[in-house]
Amino acid sequence: MARPGPGLLPPANGLGYPPQNLARVVVWEWMNEHGRWRPYSAAVCHHIENILKGDARGTVVLGQVDGQLSPYVIDLQSMHQFRQDTGTMRPVQRNFYEPSSAPGKGVVWEWENDNGSWTPYDMEICVTIQNAYEKQHPWLDLTSLGFSYLIDFNGMSQTNKQTQRKRRLRRRMDLAYPLIMGSIPKSQSWPVGASSGQPCSCQQCILVNSTRAASNAILASQRRKLHGGASGGTGAAGAPTAVRQSNTFAGTSLWSPTSSATNNISAGGGQAKDEQVRAPLSPANFAAMPSHGHNALSINGQNNLNRPGTQRISMATPRGTIPPGVPALPVKNLTGSGPVHPALAGLPVCLTRAPKPILHPPHISKSDMKPVPGVNGMRRKTKKKHLRKGKTPEDVVRRYTDKIKVVPDEDCTICMERLAMASGYEGVLQHKGIKPELVGKLGKCGHMYHLLCLVAMYNNGNKDGSLQCPTCKTIYGEKTGTQPPGKMEYHIIPHCLPGYPDAKTIRIVYDIPAGVQTNEHPNPGKKFSARGFPRQCYLPDNEKGRKVLKLLITAWDRRLIFTIGTSSTTGESDTVVWNEIHHKTEFGSNLTGHGYPDPNYLDNVLTELSAQGVGEDNLKD
C-alpha cells in the first residue's frame, strides 16, 4: 500500500477521522466520466461550505458563484451533482488536506491542453507536485502515482514518458480553499431517508426531490438485479458485480470485502486489479451487519480521509452501464406555466456520460480539399507591420476633421474639458500648427473634439493612418491591427455543418507561431506565446458564408483577427488572443457556444466585421 501523500491528512483512527482539534482544508470534488475525482474551484468550495453550515441536507446552486456552472446543482443529501438541462448525475465528495498543502495556500498546478487552455491537475497530484516544488527538486516522476509523466520544474513542462510529447505546465496563485476546525459531520448512508415535515412545492424542491427519487430508483433496481438470482452477487458468467455508491461527508464505508486476500490497492488509478466486493445491503440491514473492525475496506468516495496518497479502487462493474427497468418519474408541473424538462417528466434520470463537443470533422485527404468558388487562392500570409510614410499625426487629424469657428458649450469627451477651453493636453503635447484651443468636427459622424486631443488619441493607438471616433466608433480611413505574422488557409471540405444539411463546409485554418513583441505590442521585446494553433474554424459553403470568408480575408490582411493581450479563458498574459471577431471552432456540435447550429451567427459576425471597418463595400466584384 502506498504511503500517505504529502498534504493529504492521514487517518487518526479506524474510521479515518483526524483529531477533533485539527485544522483541515476542505476540497469538494466531482467524479468525471473516467472515474477520476476533479476538484471544484476554491470559490465554489467556499460557497458549498457556506450552504453546508446552514443546511446539511440542502441544495447548492453552483451558478450563484460561477456562471459557467449555472446548469448544475449539488444535492447534499445524496451527495450528487445534477445537471438540470440534461439530467446527468455525478457523485461528489468532500475531501480534507493539511493547511500547509497546495489547496491551503491557494496554489494551483495546471497543464496546457490541446485547445491552448489550462486544466488543473487532480488535487492529490497537485499536492504532490507542490511538495516536490517546495523541496526544490529539479524534476518529479509521476509513475509511482500511476501516470507515465515526468515533471520538469526548470522547463515548467510535462513529458509523456511513452510518447515523449511535451506540454507546458504552470503554477498560479488562487483563492485558498476553506479551512475548518472541529469534528467532521456525522456519517450518513446514501440515500438518506426523507426529513420530517411537509415537503416544499417550489420548483427547486421538485427538482431536488426528483433527483433523489431517481437515485433511489437506480439503486433499488440494481439491488434487485444483484440479489434476484440464486447465485447472489454474481452475474450470468459468475463475474462479481457491484454498485457504486457515494458517501455523504466522508462517512464510514458501507462496503465490505468479500476476501481480504483479493483486495489490491494501487497508487494513481488504472493499475489496480479488479476488486471482489460484496453488494451493499439495504439501510435497514446495516444495524445487523457484523463489524469488520480494521479489516473493513475503505472505498474512495466512501471514506475519503482513509486514502493514502492517490489510492484508487477498481470495481468489476463496467462503468456507465444502466440497469434495465429503471422507473420513470411522474413529475408534474405544479404551476402549469410551461413544460418540465424531459429528464424530470416521465423519463428516467440515470448516471450518464456527459456529452463531448465535436471539434473537428473526420479525417480529410488533401485531394478532397477544394478551393472556395469566387475566392482567389487557398492561403494568405501576413508579415510585419508595413510603415506608412508621409503621414504625421497632424496630417491624419487634419484629413478627417473640419475646423469649427463657433464652439458649442459642451465637453470634449477625450480630455473632459469644455470645448471653449484649452485642451487638457496643453503643455503635455506640442505640435506645429495645432493650438490647444482649436476644435474640429469629424466629417462622417459630426462629433467634435479638441484637435490636440485627437492627436494624443492617435499617438496612443496603432498609428496606421486611420482614426476612430471615441463616441460612436465610426472609422475614418483603413483600420489595421497588431496581429503577429502568420498564415491563413481556407478550403471546402465534403462535410455538412449542423443546421446546413444541403451545404458543404468552408474550413479556415489559422496558424501563428510564438515570437517577440514589437513596438506596436503591449510589452516590446518580450516573448509572446501562441496557444492552440493551428486553429480550425468553420463556415457554411453558401452565399452568405462565402461573403463572410471574403471579409475575414480582408480582416486578416489588415491584421485584425488576432492581437496580443491577456486570455479571458486562461488569464495568461502576453499571448495571442481573438480580437473581437467571433469564429466557430466547434464543427459538429454547439456545446461550448462556438459551434452550430446558430442561425444568427453569420449576421452577427458581419456586424462585428463592420465594427472593425470591414464592410460589404470592401468586397471586390
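Since the structure is predicted, the reported quantities are computational estimates derived from the model, not experimental observations.

Draft legend 1. Highlighting the environment of Ile564. Within the fold, Ile564 resides in strand S27 (residues 562-565). The class of Ile564 is buried, set by a relative accessible area of 5%. Taking the C-alpha atoms as reference, Ile564 lies 9.4 Å from Asn523; in sequence the two are 41 residues apart. Contacts of Ile564, omitting those with residues within four sequence positions, involve Pro484, Gln517, His521, Pro522, Phe528, Asp574 and Thr575.

Draft legend 2. Just the sheet that holds strand S11 (residues 157-160), in detail. Strand order across the open sheet formed by 6 strands is S8-S7-S12-S11-S10-S9, with antiparallel pairing between neighbours. Only two strands of the sheet have a single neighbouring strand rather than two, namely strand S8 (118-120) and strand S9 (139-141). Between one strand axis and the next, the sheet turns through 30° on average, direction left out of account. Where strand S10 (residues 149-152) meets S11, 4 bridges bridge the pair, whose relative direction is antiparallel.

Draft legend 3. Main features of the pairing of S11. Burial along S11 is two-sided: the face carrying Ser157 and Thr159 and the face carrying Gln158 and Asn160 are both buried. Remark: 4 residues form the turn of the hairpin made by S10 and S11, two consecutive strands paired antiparallel; Met156 in that turn has positive phi of roughly 45°. Note: S11 against strand S12 (residues 166-173), 3 bridges, orientation antiparallel. Residue pairing for S12: Thr159 is matched across the bridge by Lys166. Counted along the chain from S11 to the antiparallel partner S12, the turn is 5 residues long, and its residue Gln164 has a positive phi close to 65°.

Draft legend 4. Geometry of the packing of aromatic side chains. In total, this model carries 12 aromatic pairs according to the counting rule given. A ring pair is formed by Phe533 and Phe562, whose centres lie 5.3 Å apart and whose planes are at 65°; its orientation type is edge-to-face. Taken together, the residues Phe533 in the loop between strand S25 (527-528) and strand S26 (535-540) and Phe562 in strand S27 connect sequence positions 29 residues apart. Given the relative accessible area of 16%, Phe533 is considered buried. Centroid distance Tyr538 to Phe587: 5.2 Å. Interplanar angle 65°. Geometry classified as edge-to-face. Highlighted residues: Tyr538 in strand S26 and Phe587 in the loop between strand S28 (575-578) and helix H8 (601-611), separated in sequence by 49 residues.

Draft legend 5. Local environment of the confidence of the model for the protein. Across the protein, the average pLDDT comes to 73, with 67% of residues at or above 70. Across residues 10-18, where pLDDT falls below 50, the model places 23 contacts with residues more than four positions away in sequence or in other chains.

Draft legend 6. Main features of unusual backbone geometry. Omega for the bond connecting Phe533 with Pro534 falls within 30 degrees of zero, at 0°, which places this linkage in the cis form. Cis peptide bonds are those with omega within 30 degrees of zero, and the linkage from Tyr596 to Pro597 qualifies with 5°. Looking at the element boundaries, Pro597 is found in the loop between S28 and H8. With a phi angle near 55°, Met79 is a residue other than glycine that sits in the positive phi range. By the element assignment, Met79 lies in the loop between strand S4 (72-75) and strand S5 (80-83). The buried category is assigned to Met79, whose relative accessible area is 0%.

Draft legend 7. Molecular detail of the sheet that holds strand S22 (residues 486-493). One open sheet accounts for 4 strands, arranged S16-S22-S23-S26; its pairing is antiparallel. Across the chains shown, the open sheet's two edge strands, defined by having one partner strand only, are strand S16 (379-382) and S26. In this sheet, adjacent strand axes meet at a mean angle of 20° when their direction is disregarded. Sheet analysis places S16 next to S22, joined by 4 bridges and oriented antiparallel. The residue bridging Thr382 from the neighbouring strand is Gly486, located in S22. The strands touched by helix H7 (residues 543-557) within the sheet are S16, S22, strand S23 (505-511) and S26, with S22 carrying the most contacts at an inclination of about 170°.

Conventions we followed
- Residues numbered from 1 in each chain as written.
- Predicted model: local features only at pLDDT ≥ 70, side-chain atom pairs only at ≥ 80, totals over all residues.
- Heavy atoms only, no water.
- Helix = DSSP H or I, 4+ residues; strand = E, 2+ residues; numbered from the N terminus.
- Buried < 20%, exposed > 50% of the residue type's maximum accessible area, 1.4 Å probe, protein only.
- Contact = heavy atoms within 4.5 Å.
- Pairing = 2+ DSSP bridges.
- Axes fitted to C-alpha atoms, helices over the stretch in contact; angles between N-to-C directions.
- Phe/Tyr/Trp six-rings, centres within 6.5 Å; stacked < 30°, edge-to-face > 60°.
- pLDDT = per-residue confidence, 0-100.

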